[in-house]
Amino acid sequence: MAHTRRRTRAYRVLTVLSGVAALEAICRAGCVRPTTLVAPSVMLEAMIAALRDPATLKDFGLTLGEVVIATALASVLGILAGLLLHAMPRLRRAFEPLIASYYALPLFALYPVLVVILGVGVRPIIATGVIYATMSVIVATVAGLDHVPHVFHKVARVQRLTPFKTAWRVLIPACAPEIFGGISLSVGYAFVAVIASEFLLASHGIGHAIVDAYNTFQTARMYGLVLALALLVVLINSGLRRFRNRISEDGS
Amino acid sequence: MRGVGRVFLAAAREPLWALRGVDLDIRSREFFAIIGPSGCGKSTLMDIIAGLLAPSEGEVIFEGKRVSGTVPDGIGVVFQEDASFPWLSVYDNVAFGLEEIGLERAEIDARVRYALEFMGLAAFARHHPPQLSGGMRQRVCIARTLVQRPRLILLDEPFAALDQQTRLLMGEELLRLWRETDATVILITHALDEAAMLADRVGVMSARPGHFIEVVATDWSRERDSTVVSDPRFGEVTARLWSLLRLESLRAMGRDFSAPSPP
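Residues numbered from 1 in each chain as written. Chains lettered and ligands numbered in written order. Predicted model: local features only at pLDDT ≥ 70, side-chain atom pairs only at ≥ 80, totals over all residues. Heavy atoms only, no water.

(A) The overall build of chain A, seen in detail. A tally of helices and strands in chain A yields 11 helices and zero strands. Each helix and strand of chain A, ordered N terminal to C terminal, gives the series α-α-α-α-α-α-α-α-α-α-α. For chain A, the spread of C-alpha atoms along the three principal axes comes to 70 × 55 × 35 Å. When the accessible surface of chain A is summed, it comes to about 14,400 Å², and 69% of that surface belongs to carbon and sulfur atoms. Counting 23 positive and 12 negative side-chain charges, chain A places the averaged centre of each group 11 Å from the other. (Helix = DSSP H or I, 4+ residues; strand = E, 2+ residues; numbered from the N terminus. Areas by Shrake-Rupley, 256 points an atom, 1.4 Å probe, with all protein chains shown as cover. Lys, Arg positive; Asp, Glu negative; His and termini not counted. Charge placed at Lys NZ, Arg CZ, Asp CG, Glu CD.)

(B) Just the pattern of salt bridges, in detail. For the structure shown, the criterion picks out 26 salt bridges over all chains. Linking Arg92 of chain A and Glu96 of chain A is a salt bridge whose minimum nitrogen-to-oxygen distance equals 3.9 Å. Of this pair, Arg92 of chain A and Glu96 of chain A both sit in helix H4 (residues 89-101), four residues apart, roughly one helical turn. Residue classification places Glu96 of chain A among the partly exposed residues on the basis of a relative accessible area of 41%. Here Glu100 of chain B and Lys165 of chain A are joined by a salt bridge, their closest N and O atoms 3.1 Å apart. Within this pair, whereas Glu100 of chain B is found in the loop between helix H2 (90-95) and helix H3 (105-118), its partner Lys165 of chain A is found in helix H8 (residues 163-174), the two belonging to separate chains. Overall, the relative accessible area of 24% leaves Glu100 of chain B in the partly exposed class. Connected through shared salt-bridge partners, Lys165 and Arg169 of chain A together with Glu99, Glu100 and Arg105 of chain B make up one network. (Salt bridge = Lys/Arg side-chain N within 4 Å of Asp/Glu carboxyl O. Buried < 20%, exposed > 50% of the residue type's maximum accessible area, 1.4 Å probe, protein only.)

(C) Seen up close, the nonpolar core. One finds Val170 of chain A together with Phe31, Leu45, Leu154 and Leu241 of chain B to be the most contacted residues of the largest nonpolar core, which totals 104 residues. When residues in this core are grouped by element, the largest group, six residues, is from helix H4 (residues 134-146) of chain B. If sequence neighbours within four positions are ignored, Leu241 of chain B has contacts with Ile35, Leu192, Ala196, Val202, Val204 and Val216 of chain B. (Core = buried A, V, L, I, M, F, W, Y, C linked by side-chain atoms within 4.5 Å. Contact = heavy atoms within 4.5 Å.)

(D) Looking closely at the interface of chain A and chain B. Facing 17 residues of chain A, the contacting portion of chain B comprises 25 residues. In total, chain A and chain B occlude about 2,000 Å² of area from one another, counting both sides; carbon and sulfur atoms represent 58% of this. Taken as a group, Gln159, Arg160 and Arg169 of chain A account for 30% of the area that chain A buries against chain B, more than any other trio of residues on that side. Scanning the region where chain A abuts chain B turns up nine residue pairs in polar contact (both at pLDDT 80 or more). If you list the elements that add at least two residues to the side of chain A that touches chain B, you get helix H7 (150-158), H8 and helix H11 (219-251) of chain A. Ranked by residue count, the leading element in the side of chain A that touches chain B is H7 of chain A, at six residues. Of the residues assigned to the side of chain A that touches chain B, the class counts are eight nonpolar, three polar and six charged. (Buried area = accessible area lost by both parts, 1.4 Å probe. Polar contact = N/O pair within 3.5 Å; in protein donor to acceptor, adjacent residues only side chain to side chain. Nonpolar A, V, L, I, M, F, W, Y, C, P; charged D, E, K, R; others polar.)

(E) Inspection of the packing of helix H3 (residues 54-87) of chain A against H4 of chain A at higher detail. Residue and element names in this part refer to chain A. With their axes 6 Å apart at the nearest point, H3 and H4 run at an angle of 120° to one another. If you check the angle between H3 and H4, you find them oblique. Only Pro89, Leu91, Arg92, Phe95 and Ile99 of H4 make contact with H3, whose side of the interface consists of Leu84, Leu85, His86 and Ala87. Class assignment of the residues belonging to the contact of H3 with H4 gives a composition of seven nonpolar, one polar and one charged. (Axes fitted to C-alpha atoms, helices over the stretch in contact; angles between N-to-C directions. Parallel < 35°, antiparallel > 145°, perpendicular 65-115°, else oblique.)

(F) How the structure looks around helix H5 (residues 164-181) of chain B. Residue and element names in this part refer to chain B. Between its terminal C-alpha atoms H5 stretches 25 Å, which fits the 26 Å expected from 18 residues at 1.5 Å a residue. Looking only at H5, the buried set comprises Arg167, Met170, Gly171, Glu173, Leu174, Leu175, Leu177 and Trp178. The secondary structure elements touched by the buried residues of H5 are strand E3 (31-35), H3, H4, strand E7 (152-156), strand E8 (184-188) and helix H6 (192-198). Phi turns positive one or two residues past the end of H5, at Asp182, with a value near 65°. (Expected span 1.5 Å × (residues − 1).)

(G) Structural detail: unusual backbone geometry. Residue and element names in this part refer to chain B. Omega for the peptide link from Arg208 to Pro209 comes to -5°, which places this bond in the cis form. On the secondary structure map, Pro209 appears in the loop between strand E9 (201-205) and strand E10 (212-217). Although it is not a glycine, Glu157 sits at a positive phi angle of roughly 45°. Relative to the helices and strands, Glu157 is located in the loop between E7 and H5. According to the relative accessible area criterion, Glu157 is buried, its value standing at 11%.

(H) The arrangement of a positive patch on the surface in detail. All names here are of chain A. Together, Arg5, Arg6, Arg9, Arg12, Arg241 and Arg242 give the surface a local cluster of positive charge. For the positive patch, the secondary structure elements donating two or more residues are helix H1 (2-28) and H11. It is H1 that contributes the most residues to the positive patch, four residues altogether. Of note, Arg241 is situated in helix H11. (Patch = residues over 30% accessible without salt bridge, like charges linked within 9 Å, V, L, I, M, F, W, Y side chains within 5 Å.)

(I) Broad picture of the side chain of Thr238 of chain B. Residue and element names in this part refer to chain B. Residue position: Thr238 is located in helix H7 (residues 232-252). Thr238 sits in the buried class, given a relative accessible area of 19%. Of note is the side chain of Thr238, whose polar atom sits 2.7 Å from the backbone oxygen of Phe234. Sequence-distant contacts of Thr238, that is, excluding residues within four places in its chain, are made with Leu192 and Ala196.

(J) Quick look at a nonpolar patch on the surface. Taken together, Leu110, Val113, Val116 and Ile117 of chain A make up a surface patch of nonpolar side chains, about 400 Å² in accessible area. What makes Val113 of chain A partly exposed here is its relative accessible area of 43%.

Set out below in structure tokens:
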């Protein structure tokens, strides 16, 4: 088992390295214009240079802060909405079409509306992040609650728990792995929404820094920032996955 | 219980009476077992006694008060399914309900440690249920009920998923618990030998809609243990239970018990 896992990991690393090496060769051979794509080694250099710049680090901090706040709000709202939908089957049936087609809706079109309502700055960006991130938590919470053994509900009643305590002490812990899976997904959605919002109208954040580099023809810096962002997201997802595996093992 | 009945209504179907006309008096400090054919409404009756389900007709009185739809103080329930919380340690599982009743930390600790010791789980206090066997997890659930010091303990086929040896040993522990706590115990089981060994009286239920067709007294002493199975009276009780249950089981299976058996 461990041997198979090691082999899979080796194949994965080999595939990524092969892709990077091929891209390096193509760029070094001059097959692609440097204004269109730079070699991975150049991206890496640009990334290191960008990360040494305090202004860029501040942008990363701002973006990360917006993502964290959006994810936290989405988690709270998503869990509450999930509990409500699970407790009220009629409401759930009414919302099912919206839930099924939520991510097919052009939610980003709401961004100007949010700017009108919330003004410019971080608030509409966080609001967009929340709008994108909440549904994955709702879906995961409802799915998790569906799988809570019926006997746990009975135990809560025998212990004479209030509905709030039943949710807090029994239902949410019972489906914590599923909820955490939804929160992990919501981090990705929040990143997409926050970066895209920063692309459009913000005067700060890593999304704005990438667009600024693009507009001023700093191709290497742009790719360096994209690489840094990609590595940050991979790192966060990897941490979340490990944590989720841990709570799944504890709760299995 | 007086004239207890429970009907389940489903759209476009005939109303389904799970129980009808259930009359029974349980004495204080008694160990009472309930047996009956599959689907006769044993678990529904248990839910009604516990207050988890309201009867459609009739009434259940516990300590002079009518039980209906909410679990009264003084009743503890152990379910057939594994109801231990996998995210909590054994200690925290057992302490679960005590924090809700506002006991002090020292009192909670003393009660939990006693219950863990009593159920032979002291060495596993920091373990989590997935690390334990099925029998140990069921003991965690019994300990969680025990710490609340219920005056009536309801057990819904708590040993159904366990092997025969573990069931016998768990039965002995249950008898010890019953003797030492002075609680009244109602045990639902599908095992005739378990009912005959553990109970003071065994109520035999009919096929659906379930009601008691006979209550058989075992006349064991309060100090009994699993060795009563070698008592000649044990065979008589078990035979009597089976003779009553056989007809009801055939009826529950839709068989005409009066027809001659095929050659």
